[in-house]
Amino acid sequence: MEFTCLSEGRGFYFPPCHILDICGFRVLLDCPMDLSSLTMFMPVPTDSFTMCNGEITSRSCQRSMDLDSNENKRRKINKPFDESSLIRAEPRYKIIKNLLLWDVSSIDVVLISSPMGILGLPFLTCNKDFSAKVYATEAAARFGQLMMEDLVTMHKEFRQVYGSEGSVSPQWMKWEELELLPSELKEIALGKDGSELAGWMSLYSAADVKDCMQKIQSLKYAEEVFYNGTLIIKAFASGLEIGTCNWSIICPKGSIAYLSSSVLTSATAMCLDYTSLQRNDVIIYADFTPCHASNKSSDDNNGPSTADPNLSVGNVDWEAIADDYQEMEKLDFICSCSMDSIKAGGSVLIPVGRIGMVLQLLERIALCLESQNLKFPIFIVSSVAEELMAYTNVIPEWLNKQRQDRLYSGQQLFNHVKLLNDKRLQLFPAIHSLKLLTNWKEPCIVFCPHWSLRLGPVVHLLRRWCRDENSILVMEEGVDSNLALLPFRPMKMKVLQCSFLSGIELQFSQHLLKTLQPRHVLFPEKLRQHVDLPKNLFSSSYYSEDETLNVPNLEENSELDIAVDLALQLHYTTLKQENIRVARLKGELALEQGKYRLLLGNDQVVSSQVRSAVHLGRIELDVLLTELRKNGLNITVEEIMSADGLHKTSLVHVLEPQKATIEITKAQTLICTANNDLACQISEVVSSLLDCI
Amino acid sequence: MAIECLVLGAGQEVGKSCVVVTINDKKIMFDCGMHMGYSDNRRYPDFSLISKSGDFNNSLTCIVVTHFHLDHIGALPYFTEVCGYNGPIYMTYPTKALAPLMLEDNRKVVDRRGEEEQFSSEQILECMKKVTAVDLKQTVQVDKDLQIRAYYAGHVLGAAMFYARVGDAAIVYTGDYNMTPDRHLGAAQIDRLQLDLVITESTYATTYRDSKYAREREFLKTVHKCVAGGGKVLIPTFALGRAQELCMLLDDYWEQMNLKVPIYFSAGLTLQANMYYKMLINWTSQKVKDTYATRNAFDFKHVCSFDRSLINAPGPCVLFATPGMISGGFSLEVFKQWAPYESNLITLPGYCVAGTIGHKLMSAKTPVRINIDKDTQIDVRCQIHQLSFSPHTDAKGILDLVKFLSPKNVILVHGEKPKIAKLKEKVQSELGIQCFDPANNETVSIPFTTHYEKVGASDALLRSTLSPNLKFLRKCSEQGSDFSDLDVRTKPGLQVFDDRMAEGILMVQRNQKTKALHQDELMAMLGVESHEIKFANCCPVDIANSDTRNAFLSQPTVDKSFWQHLLFEKLSSKFPETSIQDYGEHLQIESFYVSVCTKEMCPHRTASLQCMPETVYFCCTWSIADEKLAWEIISVIKNLLLKDE
Ligand SMILES: [Zn+2]
Ligand SMILES: [Zn+2]
Ligand SMILES: [Zn+2]
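For every chain, the first residue of the written sequence is number 1, and numbering continues from 1 onward in sequence order. The order in which chains are written sets their letters, starting at A; the order in which ligands are written sets their numbers, starting at 1. In keeping with the predicted nature of the model, local features appear solely for residues at pLDDT of at least 70, side-chain atom pairs appear and are counted solely at 80 or more, and the whole-chain, interface and lining totals rest on all residues. Only hydrogens and water are removed before side-chain values are computed, so all heavy atoms of the structure are retained for them.

Within an unreviewed UniProt entry, the label attached to chain B reads Cleavage and polyadenylation specificity factor subunit 3-II, and the organism entered is Olea europaea subsp. europaea. Its UniProt record gives chain B the following Sequence similarities (unreviewed entry) comment, quoted word for word: "Belongs to the metallo-beta-lactamase superfamily. RNA-metabolizing metallo-beta-lactamase-like family. INTS11 subfamily." UniProt positions are given in the numbering used here, feature names are shortened, and annotations may be inferred rather than shown by experiment. Taken from UniProt, the Subcellular location (unreviewed entry) comment for chain B reads in full: "Nucleus".

Going by an unreviewed UniProt entry, chain A carries the name Beta-Casp domain-containing protein and comes from Olea europaea subsp. europaea. What UniProt states about chain A under its Sequence similarities (unreviewed entry) heading is, verbatim, "Belongs to the metallo-beta-lactamase superfamily. RNA-metabolizing metallo-beta-lactamase-like family. INTS9 subfamily."

A. Focus on the coordination of the zinc ion (ligand 2). Residue and element names in this part refer to chain B. Note that water is not among the atoms considered, so a metal site may appear incomplete; the donors listed are N, O and S atoms within 2.8 Å of the metal, with 3.2 Å applied to Na, K and Ca. All of the protein donors around the zinc ion (ligand 2) are Asp71 (OD), His72 (NE2), Asp176 (OD) and His414 (NE2); their distances to the metal are 2.1 to 2.2 Å. Only two sets of limits are used to name each site, 85 to 135 degrees for every angle of a tetrahedral four-donor site, and over 155 degrees for opposite donors with all other angles from 65 to 115 for a square planar four-donor or octahedral six-donor site, with any other site named irregular. Classification of the site at the zinc ion (ligand 2) rests on its four donor atoms, whose angles at the metal span 87 to 165 degrees, yielding the label irregular. Read N to C, the donor residues that coordinate the zinc ion (ligand 2) are spaced as D-H-x103-D-x237-H. The distance between the zinc ion (ligand 2) and the zinc ion (ligand 1) comes to 3.3 Å, and Asp176 binds to both of them. Neither residue differs from the other here; Asp71 and His72 are each classed as buried. Summary of the burial criterion: residues with accessible area below 20% of their type's maximum are buried, those above 50% are exposed, and those between are partly exposed, where the area comes from a 1.4 Å probe applied to protein chains only.

B. Structural context of the pairing of strand 15 (residues 317-321) of chain B. Residue and element names in this part refer to chain B. In DSSP terms, a helix is any run of H or I states spanning at least four residues, a strand is any run of E spanning at least two, and both are numbered starting from the N terminus. Most of strand 15 is tucked away: five of the five residues are buried. The alternating pattern of strand 15 places Cys317, Leu319 and Ala321 on one face and Val318 and Phe320 on the opposite face, and all of these are buried. DSSP-based pairing: two strands are paired if at least 2 bridges between them are found. Note: strand 12 (residues 232-236) against strand 15, five bridges, orientation parallel. Looking across to strand 15, one finds that Val233 is bridged to Val318.

C. Spotlight on the coordination of the zinc ion (ligand 3). Residue and element names in this part refer to chain B. In this structure, Cys538 (SG), Cys597 (SG), Cys602 (SG) and Cys619 (SG) serve as the protein donors to the zinc ion (ligand 3), at separations of 2.2 to 2.4 Å. Coordination at the zinc ion (ligand 3) is tetrahedral: its four donor atoms span angles of 102 to 120 degrees at the metal. The motif formed by the donor residues of the zinc ion (ligand 3), counted along the single chain, is C-x58-C-x4-C-x16-C. Within this pair, whereas Cys538 is found in strand 28 (residues 532-542), its partner Cys619 is found in strand 32 (residues 615-623), the two being separated by 81 residues in sequence. You'll find Cys538 and Cys619 in the same group, each marked buried.

D. Layout of the UniProt feature "domain: Beta-Casp" (unreviewed entry) in chain A. Following the UniProt record, one finds the feature "domain: Beta-Casp" (unreviewed entry) at residues 358-486 of chain A. From the first C-alpha to the last, residues 358-486 of chain A spans 25 Å; its make-up is 43% helix and 12% strand.

E. Structural view of a negative patch on the surface. Residue and element names in this part refer to chain A. Think of a patch as exposed residues, more than 30% relative accessible area, with no salt bridge, where like charges cluster within 9 Å and nonpolar side chains (Val, Leu, Ile, Met, Phe, Trp, Tyr) cluster within 5 Å. Values of accessible area rely on a 1.4 Å probe in the Shrake-Rupley scheme; residue burial ignores everything except the protein chains shown. The rule for a salt bridge is simple: a side-chain nitrogen of Lys or Arg has to be within 4 Å of a carboxyl oxygen of Asp or Glu. As used throughout, the charge tally considers Lys and Arg to be positive and Asp and Glu to be negative, leaving His and the chain termini uncounted. Here the site of a charge means NZ on Lys, CZ on Arg, CG on Asp, or CD on Glu. A cluster of like negative charges, contributed by Asp193, Glu545, Asp546 and Glu547, occupies part of the molecular surface. Mapped onto the elements of the fold, Asp546 is located in the loop between strand 25 (539-543) and strand 26 (548-550). Under the relative-accessibility criterion, Asp546 is labelled partly exposed at 48%.

F. Structural view of the side chain of Thr80 of chain B. All names here are of chain B. In this structure, Thr80 sits in helix 3 (residues 76-82). Here Thr80 falls in the buried class, since its relative accessible area comes to 3%. Polar contact criterion, stated in full: a pair of N or O atoms within 3.5 Å, where within protein one must be able to donate a hydrogen and the other to accept it, and residues adjacent in sequence count only if both atoms are side-chain atoms. Here the side chain of Thr80 touches Pro77 through a polar contact of 3.3 Å, landing on its backbone oxygen. Engagement of the side chain of Thr80 in a polar contact is seen with the side chain of Glu81, the distance being 2.9 Å.

Listed below in structure tokens is the structure:
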């Protein structure tokens, strides 16, 4: 078994990506893309969204952009890093460059652990050589599909501005242009070592998404699937989001658990199912969350604070701890900041991409509004808002215990159903939709994509509110806020940046691994210093990006089930040495549900092809002679050396009772006689000196 | 070893389904139902047969409930809250959500009848708290050895068939199921599994049904005719299941025909149930699922709730009233009022449990006088329509399922005795599968030996055995199979049909795991080589004075090939079954080689017979495996020139 880490990822929105070679099959674990690198592009530049006397109009003005002009280049070199440094072109999307080094057709299985892990998949599935079987949980597949469809819709705005890009690589990807990029952007475009340029792809189409979805086999939690009869694959709740999962892969040589970013208790999703991951041979620990945790500035202990409207964005930094309570506090804080803003006449903009968070915030904000008797509207602007809201209320099987209890007590799973009925929450497919134009009211609370602040309704709303010091933007950590907010400067709007629980806490990972009782753990090199893995309980090896690791410790032998009726028919013999009993096998070998099984098969076929016994050992001449004499044979011996002097042949002449010769070499005994009985007698003597199987 | 099935209910009857299956030391109770036709101790399964001391926690491993119908779950609160069972209970999400409504509804009916209460509302809730909900296909590890899994069964929302496996022994308990999709639910779906036993319902053991569509039209027409004539339609149903299915039918029809006659639900209960249905939309039919985002099919347009005062209000209406089968409660109350009028209509389901009013009406011809209880009689003059579609599979469906699963044994439950007996015949004669139809409190014991011995197998052996001749094997599981193409399905397993396995050796060593390995590996491990034992004999045939020789002597071509050919002919006639190869230089039969020997001094010749004139020598070699055959051939050679008799 071999394991290669293609990418360590970067937090919640960009999960890691690995390749696992197991039992002759190649498994790709997740296929994400790095949407945070969108920040290098200018948001849809020419479209603005303004309001005059309470009416909304939208106008678009085409601005000519001449990237080729020398003047422009000089300007770029000399000017400080600001809005104009951003690339003004239809964005491309960055997939994992290491994945491009692998032959697509060699991938047998793709396992998707989260909706984020699916976003890069259409780039693979549109390749005609792609033939892998893709597994994802039903909920992850559905959310992933909605996210991709939304992405395609939002991207259309760029196409409208820049026109279709065509197949040639865009101007900004030329080396002379890349050279001119400020270092901040150059690193995004090229990666640290300049190798990532190949990862930029133009976005897939809606048809590609549809095609991709058709290639996915969706699973329930703990549903068993058999890949090629050899691998037993099961998904278990990871607690990170609704439908996210860890994987268990069992093959005849052993079992492996893939532990993706996991959360012990979630306020929406079904909690981490760790009992089902216990006692695997190998655990691939792929939760890099601590690597991406914010620069731990909590020592200054200033606690949650809203941002200073100027350049530096105040980090509301919480030590994320595996504790529901802390998450609740964060939500409460967001709510209270939102209430402050809205009471001051500002609006609240929440471009958070986590479905679970959106659902919780919706409930909490609505509750806050209600308790303070405030009648401000809540809007969700997204092309998939309606489907998302409908879907989340029909999936009790994917939710945590508290949500399921709501089903049992006859309540809706989420309060948004009621909010929608009461018209306190309204869904709009797009910023220019008629429904939005006729129902829009400010101040308001808006949930919308996209967290990169480059795509979708958020761009329009940010442009609209960025100078309003009463309004507030709720952002997630993990996005480079300096860069993300660059096009909207100067920001007067408040910015609340917060981190949500995205994986296993370091201090808990050791405990979790102990609980899981594996025999071997693959652990990220990056976290090595921070976690002392108990050496007495399991062995461990450490992996880094772009490295292939041989995984030891899987069983040397595969498990084979021999049907009892067949086992009873085998003939056992005890070997002359070492007290070993052996029997020649027969029957048909089948591979069923991940198990090798030897069955009493098709009788005629088996019986007609009974294989002759094999004799093992060598004939010691002295012993043979003694035995022959004991049998009453009158014999003489002669030894002949081969011409090269290397091989010796012994010739035993039998004179009585009948004539015979026995020619003995290392590998063969040849009995020459015209007498049936004598031949038989001699062969019995010879056989008795050998092992016969 | 054996699988033991103790049938505590639904043995040769319908009602109080409960089968306790013991596999190794695991004991699983499938369903825990009540009998609607009894109000004495016959209403519950006789739990004392599980444990005399009443220590159910130690005697049972778990309880599995297939669906929310009372004949499958009605005794559960009694068993947990009164009998004290505290162990794990499994059912699907919808069953867990909807069962309390059914239980509570029934409790009220019992209450109203003035019978002694068996358990309280609180006890129902306490009982439900002990339930672990499962999703379809989710493989639940009950303990280290016992695995269970639910499969879609149609029938009612959340109904499931359950698969249970302990080691290599596996069974399926179907509960109630439907093999054809209906308005709101899909058809049963299960994987091909290797099963020792299937326990199946057999409500319609002898019925064969045609298109459901025509029967639905018939129902709608009858209802329409009644309301058009100003009559009232009473549809007694249980709160869940049939009510939603019929309501979808009527709601659609009302929409199509633009009817304004009110459709009522008898209590808030059923309307509330619709909300559960909306959240559980993923458990309905594909058609209903596909449209939920735009319009949830359980948002009925024409349905409103009923008020008691409307019972005798003038004008036509359709009323859904609980409980079904008119076993008491509100449906009985309305029945008493409406039954005496000819213009009214009462619909009954295809099956009513013996002892209910519904059952009495089924066999009755109106007008008729029936006894409600010992003091009350009702003259029934209204029309009675019996629904001819049902959420149960018909006999063909049962046989299809059994054939699809091809278990080693079948037990039939949940059906009437004579019908079950007929179906049992069919299963045995048509499918050749051992079939049982035990009565209540009987135990069926199905012998089974541990099917497999586990050994380690070396890579070299598996590689050499698997690689050359991969062949798809029929039989066994494929995900999400359906039943229409019973014979063409293949499974993703591989199977080999040659004797390469014979190069495999099973090696047993003290204190070590038994291992299967390739014979080459064994030799390398032991440091030995193979040693072949072969035989040779240069066999002389005297041709002097032979007729054959004389006959051909004139021809100059009498040589090596002549004699070899002659031998070939002779051997072919002597060993017609055996394949004889003529390679020109020699003939070969298995390991036996023979050629005409032209050597002056052949080492395989016995010394005294060196090179006689007028003698042809046949030089033979063979391996020990063909010893017997070889001497037979040699005797043919010796007699080569004798005429055949
Ligand atoms: Zn039923
Ligand atoms: Zn039933
Ligand atoms: Zn010879």
